[in-house]
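# Fold and geometry: a report
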Amino acid sequence: MMTASGLQQYLDFAYIAAVVLFIFSLKLLSSPVHARWGVLAGEIGAALAVVATLFNPELVAYKWVLIPLIIGAGVGIPLGMVQMTAVPQRTALSHAFGALSAAMIGIAEYYVGTAPVTRFEMGEIALEVIIGSLTFTGSLIAAGKLQEILPQRPIVYRGQNIVSLTALAGALGLAVALVVNPANTMLFPIMVIVALIFGVLLVTPIGGADMPTVISLLNSYAGFSAALLGFVLNSKVLVVAGALDGSSGFILSVIMCKAMNRSFTNVMFGAFGQVQASAAGAKEERVVRSATPEEAAAILEAASNVVIVPGYGMAVAQAQHKVRELYDALTKKGINVRFAIHPVAGRMPGHMNVLLAEADIPYDRLVEMDDINGDMPQADVALVIGANDVTNPAARSDQASPIYGMPIIDVDKAHTVMVIKRSMNPGFAGIDNPLYYLDRTLMLFGDAKQFVGGIVRELGGGH
Amino acid sequence: MPADFISNLYVFILAGFVGFELIKRVSPLLHTPLMSLTNALDAIVVVAAIIIAGRHETHLTTVLGAIAVAASFSNMVGGFLITDRMLRMFKSGRPKQ
């Protein structure tokens, strides 16, 4: 007995060390200069905690531990090696795995007790399992949308919010019934199933453009479900790790919502796809000016200050490496090239930065929206590649616009604006962009990758 | 209300504040690696899963625990791996001293 409790203390010290290393891990992430040390700190902390746990005297069936660990590593390694363009769906999938894990442990904890659980414990378990379950299915739907197995557009139907809220109320009602009588084991699996259904209902209506917020919220839920699990199991290391993950996801969700000028409830229950159509009438008659790659190259060559605004379209076209060639060609001519990054450009927070970093563009060339907007009037050319709503000046001026009030990158203040776009077809959000009809705007119609490649050829051709 | 709950609540609130202060300082440049890193740290639930699976109390709880071990450990391995791969790509344009 002495040895067992002595060992238990060593285990606790290993967990405390892990918590300290986790905090350092996040602290080191504050700057790209030392961020990789943060990963190392986290890895050491996690390894310490896992190895210490394997020495826990309660373990009797190592087969049931080691085989799943090997399977987990076998799944995790390929998921860690995916292409950078697949990072949003990978992230959604990892939220699903994290939530699945938390839900499974909570469910096991309900069935494991030799003594029946108290009402208080029942409440904790029920809440934890509900959040874990809805995050599991919700994240799977998000991953499916990002992988385009499921349609990215919002899927909406009449009375949707009522159906969703009924499911949520049902899950919570069953939880209350279980707290009143924890021994009513029949209700527990039903509660789990209703929570799983609610997760599907919650994310299905949300469109691709809202994914940065949704993925952050799911991150937050996954973290808080782990923290709640820490309450259930009385495990401080889970409480801390869950609180860190949960607060991170929460902060990112707030940043994403602010960047879209929308509230949480509006993102979750607003179904962005419905608001369009009002302004759809008169737009077709307005003229746009277009240009060829040769003309675009000539304009860029004459510039001294160029701001490139990337969006999801750049990721879809896999154009980031061509954009890098353009950056090189222009920089070689002494032109100052910077990238303006909107917080919600792409499908998850920081998506554009990762793609451009992958293409070897130095990170000090990537400038946040708030920092670059003051410089936009001095920009000779603003080149928009696959971004739409985040450059829409109607967000500043047109109170009738569905995106009115959303902060945008002020490309319309640049001397010349060039927009690479497949066609005049508005995106699935269906919001017309007055930027395209300005006198200073040139539309460059075509695939982003091919068009940028064409400009690069022209720039290289003369020299 | 159980005493454990209160002490856990203290830890949760303090860790939440620490998290808030730390995350606020992370450059938006690194928001994607931030999400994959916190995901890997969150995968520490694997330690609870290991105990549930390894105690082998009933078949049901052992199977649930084993699924949880595999799911969370894949997050831990994959999360650290991809975070490091992403961070390796972020290079400064200024020449190194």
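Residues numbered from 1 in each chain as written. Chains lettered and ligands numbered in written order. Predicted model: local features only at pLDDT ≥ 70, side-chain atom pairs only at ≥ 80, totals over all residues.

### Here's the deal with the overall build of chain A
- Looking only at helices and strands, one finds 17 helices and six strands in chain A.
- Taken over the C-alpha atoms alone, chain A extends approximately 80 × 50 × 35 Å along its principal axes.
- A burial count over chain A gives 53% of its 463 residues as buried. (Helix = DSSP H or I, 4+ residues; strand = E, 2+ residues; numbered from the N terminus. Buried ≥ 20, exposed ≤ 12 C-beta atoms within 10 Å, placed from the backbone.)

### Describing the interface of chain A and chain B
- In this complex, chain A contributes 97 residues to the contact, which on the side of chain B involves 82 residues.
- Going through the elements one at a time, α1 (2-28), α2 (35-54), α3 (63-80), α4 (87-112), α8 (211-233), α9 (236-260), α14 (351-358) and β3 (366-368) of chain A are the ones with two or more residues in the side of chain A that touches chain B.
- Looking at which element gives the most residues to the side of chain A that touches chain B, the answer is α4(A), with 15 residues.
- Classifying every residue of the side of chain A that touches chain B gives 60 nonpolar, 25 polar and 12 charged. (Contact = placed C-beta atoms within 7 Å. Nonpolar A, V, L, I, M, F, W, Y, C, P; charged D, E, K, R; others polar.)

### Regarding the sheet that holds β3(A)
Residues and elements named next belong to chain A.
- Pairing is parallel across the open sheet formed by six strands, whose spatial order is β3-β2-β1-β4-β5-β6. Each end of this open sheet is capped by a strand with a single partner; those strands are β3 and β6 (441-445). On average, adjacent strands in this sheet sit at an angle of 25° to one another, irrespective of strand direction.
- Sheet analysis places strand β2 (residues 336-341) next to β3, joined by three bridges and oriented parallel. (Pairing = 2+ DSSP bridges. Axes fitted to C-alpha atoms, helices over the stretch in contact; angles between N-to-C directions.)

### Observations regarding the domain arrangement of chain A
Residue and element names in this part refer to chain A.
- For chain A, the assigned domains are domain 1 (99-272) and domain 2 (282-461).
- Taking only C-alpha atoms, the centre of domain 1 and the centre of domain 2 are 37 Å apart.
- Contacts between the two partners involve 16 residues from domain 1 and, on the opposite side, 12 residues from domain 2.
- Of all the secondary structure elements, the ones that give two or more residues to the side of domain 1 that touches domain 2 are α8 and α9.
- In terms of residue count, the dominant contributor to the side of domain 1 that touches domain 2 is α9 (five residues).
- For the side of domain 1 that touches domain 2, the per-class residue count stands at 11 nonpolar, four polar and one charged. (Domains from an automatic or database assignment.)

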